[in-house]
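Now for the letters of each chain:
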Amino acid sequence: HGIEAEQELSRKSGLSARSSFTWMTARDGSTDLRLMNSPARLFKLNGTVPFRTRGLIGVEMLYTGAQKNYTNALISSSLLTNMTLSTRSVRNWQLSASCYNLFDRTWATPTGPELASPATVQDGRTFRFRIEYRRSFERRWSGQ
C-alpha cells in the first residue's frame, strides 16, 4: 500500500525539473510482516539548466529511507547527489561527463541471508565520460 506523486516542468530552452516522492508499506501477504529491503520513503529530484549556448548542467538528488534486512537490523537512509555536464548535439556528436555520489557519502543496501554482513557498502564517488555519435542510416528512395 502506498502513494506516489510526481511532477515535471520542461522548457524548450533546456531548463527542466522533475521530482517524485513515494510513501509505501510493503507487507508479506501470509505473515503481515513488513518486507525486508523495502524502504518506506523514496524521493528523487533532478533538474537541468542550460549552460552557455551548447551546454547543459544536470543535478540529481536521490533519497532512500531506512530499511531493515533479513535479521531485522536497520540500515540507515541515504541521500546521494549526482551531477552531469553535457553538450547539446553538435554535428551529430554529444559529450558528457558525470559524477555519481558527488559528495562521496557512505551508504549501504540491506543483504539477504546468503551474506554474513547485514548490509553491503556501495561505491563512493565514481565518474563516467561519454562520447556519442548519432547517424541516421535511412535510405532516401527516388520516385520510380
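Residues numbered from 1 in each chain as written. Predicted model: local features only at pLDDT ≥ 70, side-chain atom pairs only at ≥ 80, totals over all residues. Heavy atoms only, no water.

Asker: What am I meant to see in the pairing of strand 4 (residues 55-64) here?
Answerer: The side chains of a regular strand alternate, residue by residue, between the two faces of the sheet. As paired elements, strand 3 (residues 41-51) and strand 4 share ten bridges and run antiparallel to each other. Directly across from phenylalanine 43, in strand 4, lies its bridge partner tyrosine 63. Examined bridge by bridge, strand 4 and strand 7 (residues 78-87) share ten bridges and lie antiparallel to one another. The residue bridging leucine 56 from the neighbouring strand is serine 86, located in strand 7. (Pairing = 2+ DSSP bridges. Helix = DSSP H or I, 4+ residues; strand = E, 2+ residues; numbered from the N terminus.)

Asker: How do you make sense of the environment of threonine 120 when you look at a structure like this?
Answerer: Within the secondary structure, threonine 120 sits in strand 10 (residues 119-121). Residue class for threonine 120 comes out partly exposed when judged on its relative accessible area of 31%. In the structure, threonine 120 is positioned eleven residues away from threonine 109 in sequence and 5.4 Å away in space, judged by C-alpha atoms. Apart from residues no more than four positions distant in its own chain, threonine 120 is found in contact with Trp107, Ala108, Thr109, Thr111 and Leu115. (Buried < 20%, exposed > 50% of the residue type's maximum accessible area, 1.4 Å probe, protein only. Contact = heavy atoms within 4.5 Å.)

Asker: Would you take a moment to explain the environment of glycine 47 for this structure?
Answerer: Structurally, glycine 47 is set in strand 3. Between the C-alpha atom of glycine 47 and that of alanine 73, which follows or precedes it by 26 residues, the distance is 34 Å. Once you skip the residues sitting within four places of it in the chain, glycine 47 turns out to touch Ser16, Ala17, Ile57, Gly58 and Val59.

Asker: Even after reading the chapter, I still don't get the pattern of salt bridges, so can you show me in this structure?
Answerer: Applying the stated criterion across every chain yields a total of three salt bridges. What you see here is one network of salt bridges that share partners, running through Arg130, Glu132 and Arg134. (Salt bridge = Lys/Arg side-chain N within 4 Å of Asp/Glu carboxyl O.)

Asker: I would appreciate a short explanation of the side chain of serine 96 in the present structure.
Answerer: Looking at the secondary structure, you find serine 96 in strand 8 (residues 93-100). Serine 96 has contacts with Thr84, Leu85, Ser86, Arg128, Phe129 and Arg130, leaving out every residue within four places of it along the chain.

Asker: Just checking my understanding: could you explain the sheet that holds strand 4 for this structure?
Answerer: Strand-to-strand pairing in sheets goes through backbone hydrogen bonds, with the strands running parallel or antiparallel. Ordered in space as 1-2-3-4-7-8-11, the seven strands form an open sheet in which the pairing is antiparallel. Both outer strands of the open sheet, strand 1 (2-10) and strand 11 (126-133), are each paired with one neighbouring strand and no more. On average, each strand axis in the sheet is inclined to that of its neighbour by 10 degrees, with strand direction left out of account. (Axes fitted to C-alpha atoms, helices over the stretch in contact; angles between N-to-C directions.)

Asker: Just to check I follow, could you spell out the packing of aromatic side chains for this structure?
Answerer: Working definition: an aromatic ring pair is given by the centre-to-centre distance plus the angle between the planes. Overall, the coordinates contain one aromatic pair when judged by the stated rule. For the ring pair tryptophan 93 and tyrosine 133, a centre distance of 4.8 Å and an interplane angle of 50 degrees mean the geometry is tilted. You can see tryptophan 93 sitting in strand 8 and its partner tyrosine 133 sitting in strand 11, a full 40 residues away along the chain. (Phe/Tyr/Trp six-rings, centres within 6.5 Å; stacked < 30°, edge-to-face > 60°.)

Asker: Can you walk me through a positive patch on the surface in this structure?
Answerer: Taken together, the side chains of Arg27, Arg34, Arg41 and Lys68 make up a positively charged region of the molecular surface. For lysine 68, the location among the structural elements is in strand 5 (residues 67-68). (Patch = residues over 30% accessible without salt bridge, like charges linked within 9 Å, V, L, I, M, F, W, Y side chains within 5 Å. Areas by Shrake-Rupley, 256 points an atom, 1.4 Å probe, with all protein chains shown as cover. Lys, Arg positive; Asp, Glu negative; His and termini not counted. Charge placed at Lys NZ, Arg CZ, Asp CG, Glu CD.)

Asker: Whenever I open this one, the side chain of asparagine 101 confuses me. Can you help?
Answerer: With respect to the element layout, asparagine 101 can be found in the loop between strand 8 and strand 9 (108-110). Relative accessible area serves as the criterion here: at 4%, asparagine 101 is assigned to the buried category.

Asker: How do you make sense of unusual backbone geometry when you look at a structure like this?
Answerer: The phi torsion of most residues other than glycine is negative, and most of the peptide bonds are trans. Notably, aspartate 32 is not glycine yet its phi reads approximately 60 degrees, a positive angle. Of note in the backbone geometry, asparagine 37 takes a positive phi value of approximately 55 degrees without being a glycine. In this fold, asparagine 37 is placed in the loop between strand 2 (16-24) and strand 3. By relative accessible area, asparagine 37 is classed as partly exposed at 43%.

So, to be careful, I would describe these as geometric facts and stop short of saying anything about function.
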